[in-house]
Amino acid sequence: MKRIAFAFIALIYSCNLFSQDVITKINGDEILAKVLEINPSDIKYKRFDNLQGPTYSIFKSDVFSIKYENGVKEMFTVINSDKQVTVPTAPANANPTINYPNNSNYLSNMSEDSVCKIATQDAENIYTGRNSGATITGFTSLLLSPLYGLAPAIICSSVRPSGYNLGEVNEEKMKNPTYEECYTKKARKKKAAKVWTGYIIGSICFIPLYISINKP
């Protein structure tokens, strides 16, 4: 009974490791945070790895989206030239393979920041982490040990997804260098997050398994 309780606590702990808000910047960088305030011009937050530390702020114009710990995602707008445009967003229940819009001229007439923001959103909607290596990493960490699991975790998270693993992305858009770079960068981050999530969960679950096997 104690072993079962310990395993249950470990699983709960592994889930709580990922209960944070994720601020995604226009350039594709992600900040694990606890959002405190969203003001007209900036967003105040605390770093998730230091919730008792200082309060930081970031301009809203530098933010692409915020994904809250409850799964709700809030998109923001970007300034293009002298007018404000909203990046089109697929409805929550829409087919995730929808990629807005498909006209290559649409991207060529936009600033690099706007193209990058659209690419980042497309990667968020389309890329699913296909063949990311998260499963094999998790099982290796669970069945062998976290030490053995490090090898597939490092290898899988460092390889950029390509080809059909990127999802049903529009080929015309991918011909735009800025779009291709930002899309792939976001996809790689999502892939790495899945891989390391699998590693951490597998490593945590390895503890009660190891104890139960080696207990006299």
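Help me understand the overall build of the protein chain in this model?
For the protein chain, the count of helices and strands is seven helices and eight strands. Put simply, 62% of the contacts in the protein chain that link residues at least 6 apart link residues at least 24 apart. Taken as a whole, the protein chain presents about 12600 Å² of accessible surface, with 58% of it coming from carbon and sulfur.

Is there a simple way to think about the packing of aromatic side chains in this case?
Each pair of aromatic rings is reported with the distance of its centres and the angle of its planes. The tally for this structure, following the rule as stated, stands at three aromatic pairs. Measuring from ring centre to ring centre gives 5.8 Å for Y45 and Y56, while their planes differ by 20°; the resulting arrangement is stacked. Note that Y45 is positioned in strand 3 (residues 42-47) and Y56 in strand 4 (residues 56-59), a separation of eleven residues in sequence. Take Y45: its relative accessible area is 8%, and that puts it in the buried class. The partly exposed category is assigned to Y56, whose relative accessible area is 33%. Judged by centre distance (5.4 Å) and plane angle (80°), the ring pair of W196 and Y199 falls under edge-to-face. Within this pair, W196 and its partner Y199 are both found in helix 7 (residues 177-214), separated by three residues, close to a single helical turn. Take Y199: its relative accessible area is 14%, and that puts it in the buried class.

Which parts of the structure should I look at to understand helix 5 (residues 146-158)?
One turn of the α-helix equals 3.6 residues, which is why residues spaced by three or four share an orientation. Over its 13 residues, helix 5 extends 18 Å from the first C-alpha to the last, a length consistent with the 18 Å expected when each residue adds 1.5 Å. Those residues of helix 5 hidden inside the fold are in contact with helix 4 (134-143) and helix 7.

Can you walk me through the sheet that holds strand 1 (residues 21-25) in this structure?
The strands making up a sheet associate through hydrogen bonds between their backbones, and the pairing can be parallel or antiparallel. Overall, antiparallel pairing links the six strands, which are arranged 4-3-2-1-5-6 in an open sheet. If you trace the sheet from one side to the other, it starts and ends with strand 4 and strand 6 (73-75), each paired once. Looking at each pair of strands side by side, their axes are set apart by 40° on average, direction ignored. Relative to strand 6, strand 5 (residues 63-67) is paired through three bridges, and the arrangement is antiparallel. Residue pairing for strand 6: I66 is matched across the bridge by E74.

What's the story with the side chain of K46 in this structure? I'm lost.
When you line up the elements, K46 lands in strand 3. Within the buried core, K46 has no salt-bridge partner, and the shortest N-O distance to an opposite charge, that of E37, equals 10 Å. If near-sequence neighbours (up to four positions away) are discounted, K46 is found in contact with L32, A33, K34, L36, L51, G53, P54 and T55.

What am I meant to see in a nonpolar patch on the surface here?
Taken together, the side chains of F139, L143, L144, L147, Y148, L150, I154, L209 and I213 define a hydrophobic patch exposed on the protein surface, amounting to about 950 Å² of accessible area. Going through the elements one at a time, helix 4, helix 5 and helix 7 are the ones with two or more residues in the nonpolar patch. On the secondary structure map, I213 appears in helix 7. Judged by its relative accessible area of 60%, I213 is exposed.

Honestly, the side chain of T184 in this entry has me stumped. Any pointers?
Mapped onto the fold, T184 is located in helix 7. By relative accessible area, T184 is classed as buried at 3%. What T184 contacts, discounting residues up to four positions off in sequence, is R160, P161 and M174.

Where do I start with the state of the cysteines in this structure?
A disulfide bridge is the covalent bond that connects two cysteines by way of their sulfur atoms. Under the criterion given, the structure shown has one disulfide. Disulfide pairing is shown between C116 and C182; the S-S distance is 2.1 Å. In this structure the cystine formed by C116 and C182 twists about its S-S bond by roughly -105°; its chirality is therefore left-handed. Placement of the pair is C116 in helix 3 (residues 112-126) and C182 in helix 7, with a sequence separation of 66 residues. C182 carries the same exposure label as C116, and that label is buried.

Reading the values: the criteria
- Residue positions are given per chain, counted from 1 along the sequence in the order it is written.
- In view of the model being predicted, local features appear only for residues whose pLDDT reaches at least 70, and side-chain atom pairs are presented and counted only at 80 or more, with totals across whole chains, interfaces and linings using the full set of residues.
- Here the side-chain values reflect all heavy atoms present in the structure, with hydrogen atoms and water set aside.
- By the criteria applied, helices consist of DSSP H or I runs no shorter than four residues and strands consist of E runs no shorter than two, each listed in order from the N terminus.
- Contacts were defined at the residue level, with two residues in contact if any of their heavy atoms lie within 4.5 Å.
- The protein chains shown are the only cover counted for residues, whose accessible areas, like all others here, come from Shrake-Rupley with a 1.4 Å probe.
- What counts as a ring pair is set by centres within 6.5 Å for rings of Phe, Tyr and Trp (its six-membered ring), and what kind of pair is set by the plane angle: stacked under 30 degrees, edge-to-face over 60, tilted for all other angles.
- Classification of residues uses two cut-offs on accessible area relative to the type maximum, computed with a 1.4 Å probe and protein chains only: under 20% is buried, over 50% is exposed, and between them is partly exposed.
- An expected span of 1.5 Å times one less than the residue number is assigned to each helix.
- Strand pairing is defined by DSSP finding a minimum of two bridges between the two strands.
- The axes are straight lines fitted to the C-alpha atoms, using for helices just the contacting stretch, and the angles between their N-to-C directions are given from 0 to 180°.
- Positive charges come from Lys and Arg, negative ones from Asp and Glu, while His and the chain ends are left out of the count.
- Criterion for a salt bridge: a side-chain nitrogen of Lys or Arg within 4 Å of a carboxyl oxygen of Asp or Glu.
- In this analysis, a patch consists of residues with relative accessible area above 30% that form no salt bridge, clustered at 9 Å for like charges and at 5 Å for the nonpolar side chains Val, Leu, Ile, Met, Phe, Trp and Tyr.
- Our working definition of a disulfide is a cysteine sulfur pair at a distance within 2.5 Å.

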